[in-house]
Amino acid sequence: MSDAIHIELVAQGMVTLRGDLASASLAKAVKAAVGCTVPGQRQVLVAGENVALWMSPDELLLLVRHDKADDVVAHLGKSMAGEHHLAVNVSDARAMFRLQGQGAREVLAKGAPVDLAPGQFEPWVVRRTRIGLVAAAFWMTEADTFEIVCFRSVAGYMEDWLHHAARKDSLPGVFS
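Predicted model only: the values in this text are computed from it and were never measured.

Some thoughts on the overall build of the protein
Helix and strand content of the protein: 4 helices and 10 strands. Going residue by residue from the N terminus, the α and β elements of the protein occur as β-β-α-β-β-β-α-β-β-α-β-β-β-α. Relative to a compact globule of 176 residues, whose C-alpha radius of gyration would be 16 Å, the protein shows 17 Å and is just as compact. If you line up the protein on its principal axes, its C-alpha atoms span 55 × 30 × 25 Å.

Printed below as a string of structure tokens:
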């Protein structure tokens with residue numbers, strides 16, 4: 001692995017919320033639960049240690065402390081009683097990795113069909129796509145730091161893929 005790249009599996013609470021993202025009650029429930037407004041298309045919003053990610057036209061992923069995920073689900077259920085929605089704690093069904101360091105863009109560019117060039121992919125934009133052979137979502141939190149979410153069942157593959165893609169002297173230097 002490149003000396004400049006660090007890969008870490010992160011313990012993270014995750015709640016999937018599906019519903020009408022234009023709903024005032026959903027917006028109010030999200031704001032009360034995590035402190036964020038409803039993010040727009042491909043947007044990532046942060047409120048303290050909580051994060052709200054747009055995942056699709058009817059789905060958000062809410063990142064909270066792992067020990068708070070069940071409380072967030074209960075709050076959303078109570079706040080949105082009577083309105084069509086689904087709120088599920090997916091913390092144990094998903095895995096989250098942090099990829100950081102000079103060359104992190106190039107590591108992901110090896111396996112994700114996304115234009116990761118500076119100016120094309122910037123912090124706080126989320127993409128759902130594939131990395132290698134598996135479905136994943138990722139976003140940048142700063143210039144050389146990416147957060148990656150995938151199914152826990154393929155976390156071993158994802159970790160191996162990231163380490164392999166970050167091998168010492170394997171980065172082509174396209175973005176440097």
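Notes on the nonpolar core
Ranked by internal contacts, the top residues of the largest apolar core, which has 26 residues, are Leu99, Phe138, Ile148 and Leu162. Where this core is concerned, the elements lending two or more residues are strand E7 (94-100), helix H3 (104-109), strand E9 (134-142), strand E10 (145-151) and helix H4 (155-165). When residues of this core are assigned to their parent elements, the largest contribution, 5 residues, is made by H4. Filtering out sequence-adjacent residues up to four positions away, Leu162 remains in contact with Ile7, Phe97, Leu99, Val107, Leu108 and Ile148. Within the second largest apolar cluster, 21 residues are counted, among which are Val15, Cys36, Leu45 and Leu76.

Some points on the sheet that holds strand E5 (residues 59-64)
The pairing of strands in a sheet comes from backbone hydrogen bonds and takes either a parallel or an antiparallel form. In space, the 5 strands of this open sheet follow the order E3-E4-E5-E2-E6, with antiparallel pairing throughout. Looking at strand neighbours, the two that pair on one side only are strand E3 (44-47) and strand E6 (85-89), the edges of this open sheet. Averaged over neighbouring strand pairs, the angle between their axes works out to 20° when direction is ignored. Alignment of strand E4 (residues 50-56) against E5, held across 5 bridges, turns out to be antiparallel. Paired with Val51 across the two strands is Leu63, which belongs to E5. Helix-sheet contacts for helix H2 (residues 69-79) involve strand E2 (13-19), E5 and E6, and the interaxial angle to E6 is about 165°.

Details of the pairing of E5
Judged by how many residues are buried, E5 sits mostly within the fold: 6 of 6 residues are covered. Where burial is concerned, the two faces of E5 agree: the one with Glu59, Leu61 and Leu63 and the one with Leu60, Leu62 and Val64 are both buried. Here E4 folds back onto E5 in antiparallel fashion, the turn holding 2 residues.

Some details on the pairing of strand E8 (residues 126-131)
Regular strands place side chains that alternate from one sheet face to the opposite one. Here 6 bridges tie E8 to E9, and the two strands are oriented antiparallel to one another. Opposite Ile131, over in E9, you have Val134 as the bridge partner. Between E8 and E9, which pair antiparallel one after the other, the connecting turn spans 2 residues, and Gly132 there sits at a positive phi close to 65°.

Quick look at the sheet that holds E9
Spatial strand order, E1-E7-E10-E9-E8: 5 strands in an open sheet with antiparallel pairing. With partners counted over all chains shown, the strands left at the sheet margins are strand E1 (6-10) and E8, one partner each. The sheet shows a mean angle of 30° between the axes of neighbouring strands, taken without regard to direction. Looking at chain direction, E7 and E10 are connected through 7 bridges and run antiparallel. Of the residues in E10, the one forming a bridge with Phe97 is Ile148. Contacts from H4 reach E1, E7, E8, E9 and E10 within the one sheet, and its direction differs from that of E7 by about 10°.

Some remarks on the side chain of Ser23
Position of Ser23 among the secondary structure elements: in the loop between E2 and helix H1 (24-34). Only 3.2 Å separates the side chain of Ser23 from the backbone nitrogen of Leu26, close enough to count as a polar contact.

Reading the values: rules and limits
- Residues numbered from 1 in each chain as written.
- Predicted model: local features only at pLDDT ≥ 70, side-chain atom pairs only at ≥ 80, totals over all residues.
- Heavy atoms only, no water.
- Helix = DSSP H or I, 4+ residues; strand = E, 2+ residues; numbered from the N terminus.
- Rg over C-alpha atoms; globule rule 2.2 N^0.38 Å.
- Core = buried A, V, L, I, M, F, W, Y, C linked by side-chain atoms within 4.5 Å.
- Buried < 20%, exposed > 50% of the residue type's maximum accessible area, 1.4 Å probe, protein only.
- Contact = heavy atoms within 4.5 Å.
- Pairing = 2+ DSSP bridges.
- Axes fitted to C-alpha atoms, helices over the stretch in contact; angles between N-to-C directions.
- Polar contact = N/O pair within 3.5 Å; in protein donor to acceptor, adjacent residues only side chain to side chain.

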